[in-house]
Amino acid sequence: MATNIPPHNLAEVIDGAIAMIDNPEIEVDELMEYIPAPDFPTGGLIMGRSGIKRAYRTGQGNIILRSRCEIEEYGTGGNTRSRIVVSEIPYQVNKAQLIKTIADMVNDKRLEGISDIRDESDRDGMRIVIECKKDANAQVVLNTLYKKTKLQISDGIILLALVENGTEPKNLNLREILYYYLEHQKEVITRRTRYDLNKTEERAHIIAGLVLALANVDEVIRIIKASADKNAAIEGLTSAFELDEKQANAILEMRLQRLTSLEVEKLKDELAALQATIADLKDILANEWRVMQIIRNDLTEIKNKYPSPRKTEISVDYGNIDDEDLIEREDVVISITHSGYIKRLPVAEYKAQGRGGRGITAHRPKDEDYVEKMFVCCTHDPILLFSSKGKVYSIKGYEIPEANRTARGRAVVNIVQLDAGEKIEAVLPVLENGTGYLIMATENGLIKKTHTDEFKRIPKNGKIAIKLQENDRLIGVRFTTGEDEILIASRGGKCIRFSEADVRPTGRGTQGVKAITLAKEDIVVDMLIIDPTQDLFTLTSKGYGKRSKIEDYRLQTRGGKGIKAGIFNEKTGYLVNLKPVTDENDIMIITTGGTIIRMHADTISCIGRSTRGVRVMNVKDSLVATVDITERDDEAETQAPEETAADLSPEDLAGETEVEETEEIVLDEETVDETPADEE
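This one's a predicted model, so the numbers in the text were calculated from it and none came from an experiment.

Things to note about the packing of aromatic side chains
Centre-to-centre distance and the angle between the planes together describe a pair of aromatic rings.
Right, on to step 1. Under the definition given, this model contains three aromatic pairs.
Right, on to step 2. Ring plane angle 35° and centroid distance 5.4 Å describe the contact between F40 and Y91, whose orientation is recorded as tilted. Here Y91 lies in the loop between β4 (81-88) and α4 (95-107) and F40 lies in the loop between α2 (28-31) and β1 (45-47), a separation of 51 residues in the sequence.
Right, on to step 3. By relative accessible area, which is 27% here, Y91 ends up partly exposed.
Right, on to step 4. When the ring of F386 is compared with that of F455, the centres are 6.3 Å apart and the planes differ by 65°; the resulting orientation is edge-to-face. Placement of F386 in strand β15 (residues 382-387) and of F455 in the loop between β20 (446-451) and β21 (463-464) is noted, with a sequence separation of 69 residues between them.

Rendered as C-alpha cells:
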C-alpha cells in the first residue's frame, strides 16, 4: 500500500474543517468550494479540475502540475526575439537537473528552436531564461517543453490513511478525511480537558485545605507544636479536621506569610476561581458542541496567526476542454446557397449603408448558384437544419466554417450526414429560450405544429421532423409559445394572419393542416410570428421594400385566401420576404449573385399595406433573402439619400382601393395527413 497526500493550503483546509463543524452533513462537492485543490510551496499551475474532483470524491486521482512561464519579447526594431521565462516549477522537481535535461535535449537535437538557456535565479526568486531562435515560434517551443520535460508533470493523489485507531487502511474522500481529523481533534480536546480538570481539582483540593486551616489557625498551630515530628503533625491534623494527607502536608509546608489577612483573601478568591473552572471543564466534557466550538476557535486562531495565501494557481486544462469553451461568443451571419454551400461571418463585417446603395459582396457562389437563406445567431447557439426529406439535423454555430466575404463556404454535406439527393430546405437557430412549439410551413401552404421536446437529443444522422408530400418543401420553421399569431405570405403577395390555436399539435411524422388556399402556380415564400410592437417589412425581387403596420393585416381563420400585401408587377417583382422590424433594427438584404447590403430600418418609410414601396437596393439580378439584426450599427456609410413619403410618386402611394382583396374562406378543421412517416 502507498499513500500520496499532496500539501494543501492551511487557510483553505481550516475553512473546510470549520464548514464541516457548522454543517456535519456537508457533501464533498460543497467542501471543494473551500478546498478547491492542493497548494504546493513551489507554486506552479494545476491544469484542470477533473483529476482533483475524482481524488476528492473517491480517494484516488491525478493532477497535471505545470511551471509558471511567460513569453517575453526583447530587442528593438526588426531584431526582436522571444524568450521563455520560468518563475515557478512543479513541486519536488530539481531545478538544476531540469536545466541540465533541457540542455542535453537541445544538444541531442531532440528540442528545436532553443538558442540558449540560463539560470538567473537570486534571492528575489527563481528565474530560468530559455531564449528562442529568431525564426522559432515561442509558444510552440514552450508546448514542446511541457510535453517532453518536467516543466509539466503528472502526479498521483492517493488519500490512504489508517483509521479506527490505526487498525484499518482506507482510501478516504475529502469529507472522510476531515471527519476523521475532527474525530481525532475531539479526542485530543477531551483528553486535554480531562487532564486540565484533574489538575484543577487537585489544586482546588489543596487550596480548600489551606483555607480550612487558616480558618482554624490557632488550633492548627497548637497541634503542630504538640507533635513530636512531621508524621505526628500530619496525623494530628487529619484526625482533627476533615483533611487528607496531601492537604495536611500542604499546611505544614505553608509559609508563615500566608497567615496575613491579605493572603487569606487571595486563597479564597483562588478557590472560587478554581471551582468555576472545574464546573466549566465538566460542562465541556458533558456537551460535544462545546468541544466542537473549542476546535473551531483553535482553528480560527491558527488561521489568523499564520495567514497563508494560495501559491499554486488553478488553471484551465486546455487539453481536456471542449471546443466550445475556446470559441468566443459573438453574433454571426449564416448564409446558405441554393446548391448547399454554407458559411459564417461576424456581423461586424457588414457596415450599415444608406437605403438604395449597391451593397458589398458577401458571397461569391459558383456558376448557376445563389444565396438562398441567411440569418443571424450566436456562435454557441444550436442550429436546426431541416432537409428536403423532412429530417432535422443539429449543429452548433461555431461548427459552421468561417470564411471571408467573397468565399462560397463549405458544402453542407461535409458538415452533416445528408443522404443521397437530400438538401437543406430550412434552417432555424435555437436561441436561449427555445421552448414551446416548432411551427413548420411548406411551399404548398401546409402548416404543422410540434412540441420542441420532440427535437431534443438529435443524433448525427438526424431524425424525422415532418412528412412531406411529393413536390412540396419546407419554406420556414419558427419557435412559438402556443399562444402566438402567425402570418403566412405567398410569392404572389397574398398574406393570411391567423391564431396559432387554429393549428393543433401533432407528432414529428405528420404533414399538418392547410394554412392558406393558394392560387394556381402560387407558392408560400415566408412565415413569421406576429409581434404587435413591430412593423412588417416587405421586400420584392426587384429591390422594392416598405414598412407597414401589423394592424393592416387583419386576423382571419386558417385556410383562407388571405389579403394583398402590396402592389406586385413587372417593375417591383414578386414578394421575396416579409419580416418583422423596429426602428432599432438593422436589415440585411442579399441578392442571388451574393451581393449584400446592410441598412438601418428607420431609413425605410412606413406606409400603407396596399402600396408598392420604395427602392431599397439597386439590383442587377434579383433579391432572395432579408434578415433583421437586433444590434444597431450607427456608423452608417450613406450611399443614397433617404426617400421620404413626400418624395414618393402617386404610383408608389397607391391606396387600398387599387388592390382587390379576395374573400376570406373558412375551412373545417381537417388535417391534410397525420399518418406517421416511417422513421429511420
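From this point, the discussion proceeds with the structure in view.
Re unusual backbone geometry
Right, on to step 1. Not every positive phi belongs to a glycine, and K109 is a case in point at roughly 65°.
Right, on to step 2. By the element assignment, K109 lies in the loop between α4 and β5 (114-119).

Observations concerning helix α3 (residues 50-58)
Right, on to step 1. Burial in α3 covers these residues: G51, I52, A55 and Y56. Seen end-on, α3 carries its buried residues on one side only, within an arc spanning 130°.
Right, on to step 2. If you follow the buried residues of α3, they end up packed against α2, β1, β2 (60-66), β7 (152-158) and α6 (174-215).
Right, on to step 3. G59, located one to two residues past α3, shows a positive phi value of around 100°.

Focus: helix α1 (residues 10-22)
Right, on to step 1. Spanning 13 residues, α1 covers 18 Å between terminal C-alpha atoms, matching the ideal 18 Å at 1.5 Å per step.
Right, on to step 2. Those residues of α1 that sit buried are A11, E12, I14, G16, A17, I18, A19, M20 and I21.
Right, on to step 3. One side-chain oxygen at the N-terminal end of α1 lies 3.1 Å from the backbone nitrogen of A11; it belongs to N9.

A word on the sheet that holds strand β28 (residues 544-549)
Right, on to step 1. One open sheet accounts for four strands, arranged β30-β27-β28-β33; its pairing is antiparallel. Because the sheet does not close on itself, it has two edges, and the strands there are β30 (575-581) and β33 (614-615).
Right, on to step 2. In this sheet, β28 lies alongside strand β27 (residues 535-540) in antiparallel orientation, the contact comprising five bridges. Bridging from a neighbouring strand, D535 pairs with K549 of β28.

Observations concerning the side chain of S67
Right, on to step 1. You can see S67 is positioned in the loop between β2 and β3 (68-74).
Right, on to step 2. Those residues within four positions of S67 in sequence are excluded, and the remaining contacts are L45, V86, E88, I89, P90, Y146, K150 and L151.

A closer look at the side chain of T193
Right, on to step 1. Inspection of the secondary structure puts T193 in helix α6.
Right, on to step 2. Under the relative-accessibility criterion, T193 is labelled buried at 4%.
Right, on to step 3. Among the polar contacts made by the side chain of T193, one reaches the main-chain carbonyl oxygen of I189 at a distance of 2.7 Å.
Right, on to step 4. Once residues within four sequence positions are removed from consideration, T193 is found in contact with L281, I284 and L285.

Remarks on the environment of D135
Right, on to step 1. If you trace the backbone, D135 turns up in the loop between β6 (128-132) and α5 (138-148).
Right, on to step 2. Along the chain, D135 and R81 lie 54 residues apart, while their C-alpha atoms are 8.6 Å from each other.

Overview of the packing of α6 against helix α11 (residues 288-305)
Right, on to step 1. Relative orientation of the contacting elements α6 and α11 amounts to 105°, with a least axis distance of 10 Å. Accordingly, the angle class assigned to the pair α6 and α11 is roughly perpendicular. Where α6 abuts α11, its residues Y181, L182, Q185, K186, I189 and R192 lie against E288, V291, M292, I294, I295, D298 and L299.
Right, on to step 2. Per-class residue counts for the contact of α6 with α11 are eight nonpolar, one polar and four charged.

Here we look at a negative patch on the surface
Right, on to step 1. Among the surface-exposed residues, E25, E27, E30 and E33 lie close enough to one another that they form a single negatively charged patch.
Right, on to step 2. By secondary structure assignment, the location of E27 is in the loop between α1 and α2.

Structural notes on the sheet that holds β1
Right, on to step 1. Strand order in this open sheet of four strands is β7-β2-β1-β10, and the pairing throughout is mixed. Here the strands that pair on one side only, and so sit at the sheet edges, are β7 and β10 (313-315). Here the average twist between neighbouring strands, direction ignored, is 35°.
Right, on to step 2. Each of β1, β2 and β7 is contacted by α3, which is oriented at about 150° to β2, the strand it contacts most.

Details of the pattern of salt bridges
Right, on to step 1. Throughout the structure, instances matching the rule amount to 34 salt bridges.
Right, on to step 2. Residue R68 pairs with E313 through a salt bridge whose shortest N-O separation is 3.0 Å. Residue R68 is located in strand β3, and its partner E313 is located in strand β10; the two are separated by 245 residues in the primary sequence.
Right, on to step 3. With a relative accessible area of 22%, R68 lands in the partly exposed category.
Right, on to step 4. Taking the relative accessible area as the measure of exposure, E313 reaches 36% and is therefore partly exposed.
Right, on to step 5. Here the residues in one salt-bridge network are D116, R118, E120, R127 and E131, joined through shared partners.

Regarding the packing of helix α8 (residues 230-240) against helix α9 (residues 245-253)
For any two helices packed against each other, one specifies the crossing angle of their axes together with the interaxial distance.
Right, on to step 1. Their axes nearest at 9 Å, the elements α8 and α9 cross at an angle of 120°. Classed by the angle they form, the pair α8 and α9 counts as oblique. Relative to α9, α8 is oriented so that their crossing is right-handed. Taken together, the residues of α9 that come into contact with α8 (itself represented by K230, A233, I234, L237 and T238) are E245, A248, N249, I251, L252 and E253.
Right, on to step 2. Residue composition of the contact of α8 with α9, grouped by class: six nonpolar, two polar and three charged.

Quick look at a nonpolar patch on the surface
Right, on to step 1. Together, L10, I302 and Y306 make up a nonpolar patch on the protein surface, roughly 270 Å² of accessible area in all.
Right, on to step 2. Examined against the element boundaries, Y306 turns out to sit in the loop between α11 and β10.

A closer look at the nonpolar core
Right, on to step 1. Y56, I84, V86, I102, I130, L145 and I295 are the most contacted members of the largest nonpolar core, which has 76 residues in total.
Right, on to step 2. The element best represented in this core is α6, accounting for 11 residues.
Right, on to step 3. The contact partners of V86, leaving out residues within four places of it in the chain, are S67, R68, C69, M126, R127, I128, I130 and L151.
Right, on to step 4. Core analysis: the second largest hydrophobic core is formed by 16 residues, I383, L385, I400 and V427 among them.

Details of the environment of K95
Right, on to step 1. You can see K95 is positioned in helix α4.
Right, on to step 2. As a C-alpha pair, K95 and I128 span 33 residues in sequence and 8.9 Å in three-dimensional space.
Right, on to step 3. Setting aside anything within four residues of it in sequence, one finds K95 in contact with I89, D119, S121, M126 and I128.
Right, on to step 4. A distance of 3.1 Å separates the side chain of K95 from the side chain of D119, its partner in a polar contact.

Calculation rules
- Residue numbers here run from 1 along each chain, matching the order of that chain's written sequence.
- Selection of residues for local features in this predicted model requires a pLDDT of at least 70, selection of side-chain atom pairs for listing and counting requires 80 or more, and totals for whole chains, interfaces and linings are taken over all residues.
- Excluded from the side-chain calculation are hydrogens and water; included are all heavy atoms of the structure.
- Note on aromatic pairs: the rings of Phe, Tyr and Trp (six-membered ring only in Trp) are paired at centre separations within 6.5 Å, and the planes decide the class, stacked below 30 degrees, edge-to-face beyond 60, tilted for the rest.
- Secondary structure elements are defined from DSSP: runs of H or I of at least 4 residues count as helices, runs of E of at least 2 residues count as strands, and each element is numbered from the N terminus.
- Accessible area is worked out with a 1.4 Å probe on protein chains only. A residue is then buried under 20% of its type maximum, exposed over 50%, and partly exposed in between.
- The directions from the helix axis to the C-beta atoms are what the arc is built from.
- In this analysis, two residues are considered to be in contact whenever any of their non-hydrogen atoms come within 4.5 Å of each other.
- Expected helix span is taken as 1.5 Å per residue step, with the number of steps being one fewer than the number of residues.
- We call two N or O atoms a polar contact when they sit within 3.5 Å, provided that within protein one can donate a hydrogen and the other can accept it, with sequence-adjacent residues counted only if both atoms are side-chain atoms.
- Between any two strands, at least two bridges found by DSSP are needed for them to pair.
- In this analysis, axes come from line fits to C-alpha atoms, helices being fitted only over the stretch in contact, and the angle between any two N-to-C directions falls in the range 0 to 180 degrees.
- For classification purposes, angles smaller than 35 degrees are called roughly parallel, those larger than 145 roughly antiparallel, those between 65 and 115 roughly perpendicular, and all remaining angles oblique.
- Residue polarity follows a fixed list, in which Ala, Val, Leu, Ile, Met, Phe, Trp, Tyr, Cys and Pro are nonpolar, Asp, Glu, Lys and Arg are charged, and the others, Gly among them, are polar.
- Residues enter patches when their relative accessible area tops 30% and they take part in no salt bridge; the joining distance is 9 Å for like charges and 5 Å for the nonpolar side chains Val, Leu, Ile, Met, Phe, Trp and Tyr.
- Areas reported here follow the Shrake-Rupley algorithm with a probe of radius 1.4 Å; residue values treat only the protein chains shown as occluding.
- The rule for a salt bridge is simple: a side-chain nitrogen of Lys or Arg has to be within 4 Å of a carboxyl oxygen of Asp or Glu.
- The sign given to each residue is positive for Lys and Arg and negative for Asp and Glu; His and the chain ends receive no count.
- Where a charge lies is defined by one atom per residue type, namely NZ (Lys), CZ (Arg), CG (Asp) and CD (Glu).
- Handedness of each helix crossing follows the sense of rotation of the near helix against the far helix: counterclockwise by less than a right angle gives left-handed, clockwise gives right-handed.
- Buried Ala, Val, Leu, Ile, Met, Phe, Trp, Tyr and Cys residues form a nonpolar core when they are joined through side-chain atoms within 4.5 Å.

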